[in-house]
Amino acid sequence: MRLHSLVAAAVAILPSATSTGAFSPQPFVVRKHVSDTCLSSAVAEITTSPIAGMKPGTSGLRKKVEVWQGVDDANKYYVENFIQSLIDTAAENNGGKMIDTVIVAGDGRYFNNEAIQIICKVLAANGVKSIWVPQGGIMSTPAVSAAIRMREGGAAQGGIILTASHNPGGPGEDFGIKYNEEYGQPAGEDFTDALYEKTTTISSFKSLEGGDDIDIGAEVNTSFQLTEESAVTIIDPFAEYVEVLKSCFDFDAMRAFAQRPGFTILFDGMHGAGGPFAKRILVEELGFPESSLMRCDPKPDFGKCHPDPNLTYAAELVKKMGLDSDGSSLGCTDATPALGAANDGDGDRNLIAGAGCFVTPSDSLAIICDNWKAIPHFSKAGGPKGVARSMPSSAALDVVAEALDIPFFSTPTGWKFFGNLMGSKEQFDQRDYTPFLCGEESFGTGSDHIREKDGLWAMLAWVSILMDANKDVAEGEPLVSVQDVVSNHWSKYGRHFYCRYDYEAVDSDAANKMMDLIRTELVAGDVSSIGADDSGIKIVSGEEFSYIDPVDGSTTSKQGLILQFEFENGDPARAVFRLSGTGSAGATIRMYLEKFEKDESKHGEAAPVALRSLADRAIGLVQLKQITGRDAPTVIT
Ligand code: VG1
Ligand code: CO
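Looking at an unreviewed UniProt entry, one finds the protein chain named phosphoglucomutase (alpha-D-glucose-1,6-bisphosphate-dependent), with Cylindrotheca closterium as its source organism. Within the UniProt record for the protein chain, the comment given under Sequence similarities (unreviewed entry) is "Belongs to the phosphohexose mutase family." The protein chain has a UniProt comment under Cofactor (unreviewed entry) that states "Mg(2+)".

As structure tokens, then:
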């Protein structure tokens, strides 16, 4: 028999409605009526077979949306296979007991709501008791992390986030699923490895047959009883996230500063999940005008934009900030906003710019660290107790950490590695590194207020820095600008010129061949015999990055190939090569370039210009053009 209908009309406080009378209705909860059919029969065990290629990458599993939709028969149960494997893994980690409470939310991309319906059925059929779905189905990744940690005292044991993050959405584009564990952190490698193993042997999954869809737009606190023991509850997407940001920053002071003449901001939501959160916080809580927001309405195809907040894809914001696509200034007017920011599809990344001034993510992180006194989350505790960056990010943070004598870590790419450091006390009862500050060159910045990078947090950190920098500036006087803050930082610490070349959709064999060549010739081989070229740049050494987690002792290898160089005048520089773990087709080669410059008179140059000769030297040495056939990168950030 089937659960044939979750009958349409919502009824207030449903009396015990089953033949067993097993429900105990809660007051003030609106429930959809569940038919009198014997509920256990609604759960069906459906035969399936493994589908190849379900290995989660740097953050979740990303595939073309048609794959998830099961357009081809072979992928018919793509979502179901993945979710069944996921919750089986979660149950295994929970001492063999099915987890009780899970959040299911997405960034609003094409297939978001259909996937929520499928997932809720699989979860309910497996006995997950409380399934929390945000009203409207949309929540940013940082908001999910906050809700896992804080809602009902941290009752959720996980969060399933439907997003391919900064990858485009819509038909023919990407969809993805990330999983975050009970402290709100992205699932670690042990988890994703075990999940993947299960996808290779799966033979059946559980789901509910028939039944109406859940009304995702229903009022907050509406509950839908899917089986005798499992219910979906519609939750407020904003509550915990707003609360946690209030604990990090001084909202009253920011509200006053928002009124300051000359202090205008512009936030670009790129039609992703961050938009509604920006509206709620920047406009409703802090009082910035609506005109401070652009593209803050989520769209299934992100308005056909590529929701990756960098100089290329956030072109409209970049132009409004008086910037060229290489980050150099095109000149500003009085109308140029003092502070601009953009988020990616799931609201965890940030681009920061001032009027005519692009701040690289690595610089932004270092500047936030140096200005910790301006941010209550850090100042309340006398400063950060630990800081970290991903290995390919620039060393701008390192020099600040050294000057301030803060424990510093360099981790592999991906937020999951920061999670252990932030949780060293909370989860592992070891030395406490919180408050913790961390970030990646790929426009990710955050702290231990949650266990994810957080786009809006980064923007509020910059509002706080500017507020502090202007505390002694009288009204009517020109404000200390983002450019002033950045220039002062460089004169204090020197500038780490930095940029990244991405070669997207490269043939995978060619990409692997190039990485192997670097490994054998420049890492394992003897580079001392390789002389400088015409530019005078000489390779000094090569190394493959691996990481021993200082908290749980696990080792992660093959995390990037690092080539160290020396310019003719002795200045050190480096190039790092990595293959992306977030693409959905072919391979993406990332080349990260960095050069330190102490001389203030040279700080004004645009980064891609300052790094061109290094780029040419590195590309030549690794035979990138010959092996991949690519003359130019897809994008430089
Ligand atoms: C990229 C970034 C990495 C980031 C990851 C997830 O990974 O380089 O720094 O953590 O995306 O971000 P990769 O493997 O493609 O280099 V998100 O906002 O896409 O979840
Ligand atoms: Co993202």
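Under the feature "domain: Alpha-D-phosphohexomutase alpha/beta/alpha" (unreviewed entry), the UniProt entry names residues 54-203, 240-353 and 363-475. Taken as a whole, residues 54-203 contains 37% helix and 18% strand, while its terminal C-alpha atoms sit 15 Å from one another. The straight-line gap between the two end C-alpha atoms of residues 363-475 is 29 Å; of that span, 38% is helix and 16% is strand.

What follows is about the pairing of strand S15 (residues 350-354). Summarising burial for S15: 5 of the 5 residues are buried, a large majority. A two-sided burial pattern is seen for S15, the buried positions comprising Asn350, Ile352 and Gly354 on one face and Leu351 and Ala353 on the other. Sheet topology places strand S14 (residues 339-343) next to S15; 5 bridges connect them, and they run antiparallel. Considered in S15, the bridge of Leu339 is made with Gly354. Following S14, the chain reverses through 6 residues before pairing antiparallel with S15; Gly347 in that reversal takes a positive phi of roughly 70°. Alignment of S15 against strand S16 (residues 357-359), held across 3 bridges, turns out to be antiparallel. Following the sheet pairing, Ile352 is matched in S16 by Val359. Joining the antiparallel neighbours S15 and S16 is a turn of 2 residues, in which Gly356 adopts a positive phi near 65°.

So, on to the coordination of the cobalt ion (ligand 2). Taken together, the protein donors to the cobalt ion (ligand 2) comprise Ser165 (OG), Asp344 (OD), Asp346 (OD) and Asp348 (OD), at separations of 1.9 to 2.1 Å. In the primary sequence, the donor residues of the cobalt ion (ligand 2) line up as S-x178-D-x1-D-x1-D. In this pair, Ser165 is assigned in the loop between strand S7 (158-162) and strand S8 (174-180) and Asp346 in the loop between S14 and S15, connecting sequence segments 181 residues apart. Comparing Ser165 with Asp346, the two get one shared label, buried.

Extensive coverage of strand S6 (residues 130-134) is indicated by the burial of 4 of its 5 residues. Crossover strand S5 (residues 101-106) to S6 through helix H3 (residues 112-125) is right-handed.

On the basis of which strands lie adjacent, the open sheet formed by 5 strands has the order S13-S12-S14-S15-S16 and mixed pairing. The sheet is open, and its two edges are formed by strand S13 (293-294) and S16, each paired on a single side. When strand S12 (residues 265-268) meets S13, the two strands line up parallel, connected through 2 bridges. Each residue of the ladder has a partner; that of Asp268, found in S13, is Met294. The strands touched by helix H14 (residues 455-469) are S12, S14, S15 and S16; relative to S14, the strand with the most contacts, the crossing angle is about 170°.

In this structure, Arg617 sits in helix H18 (residues 612-621). The residues touching Arg617, leaving out its near neighbours within four places in the chain, are Ile530, Gly531, Ala532, Asp533, Ser535, Ile537 and Phe565.

This model, assessed by the stated rule, comprises 33 salt bridges. With a shortest N-O distance of 3.2 Å, Asp193 and Lys55 are connected by a salt bridge. Of this pair, Asp193 sits in helix H5 (residues 189-199) while Lys55 is found in the loop between strand S3 (43-47) and strand S4 (61-64), placing the two residues 138 residues apart along the sequence. Assessed through its relative accessible area of 44%, Lys55 is described here as partly exposed.

What counts, and at which threshold
Residues numbered from 1 in each chain as written. Chains lettered and ligands numbered in written order. Predicted model: local features only at pLDDT ≥ 70, side-chain atom pairs only at ≥ 80, totals over all residues. Heavy atoms only, no water. UniProt positions renumbered as here; feature names shortened; annotations may be inferred. Helix = DSSP H or I, 4+ residues; strand = E, 2+ residues; numbered from the N terminus. Buried < 20%, exposed > 50% of the residue type's maximum accessible area, 1.4 Å probe, protein only. Pairing = 2+ DSSP bridges. Donors = N, O, S within 2.8 Å, 3.2 Å for Na, K, Ca; no water. Right-handed = clockwise from strand over helix to strand, strands pointing away. Contact = heavy atoms within 4.5 Å. Axes fitted to C-alpha atoms, helices over the stretch in contact; angles between N-to-C directions. Salt bridge = Lys/Arg side-chain N within 4 Å of Asp/Glu carboxyl O.

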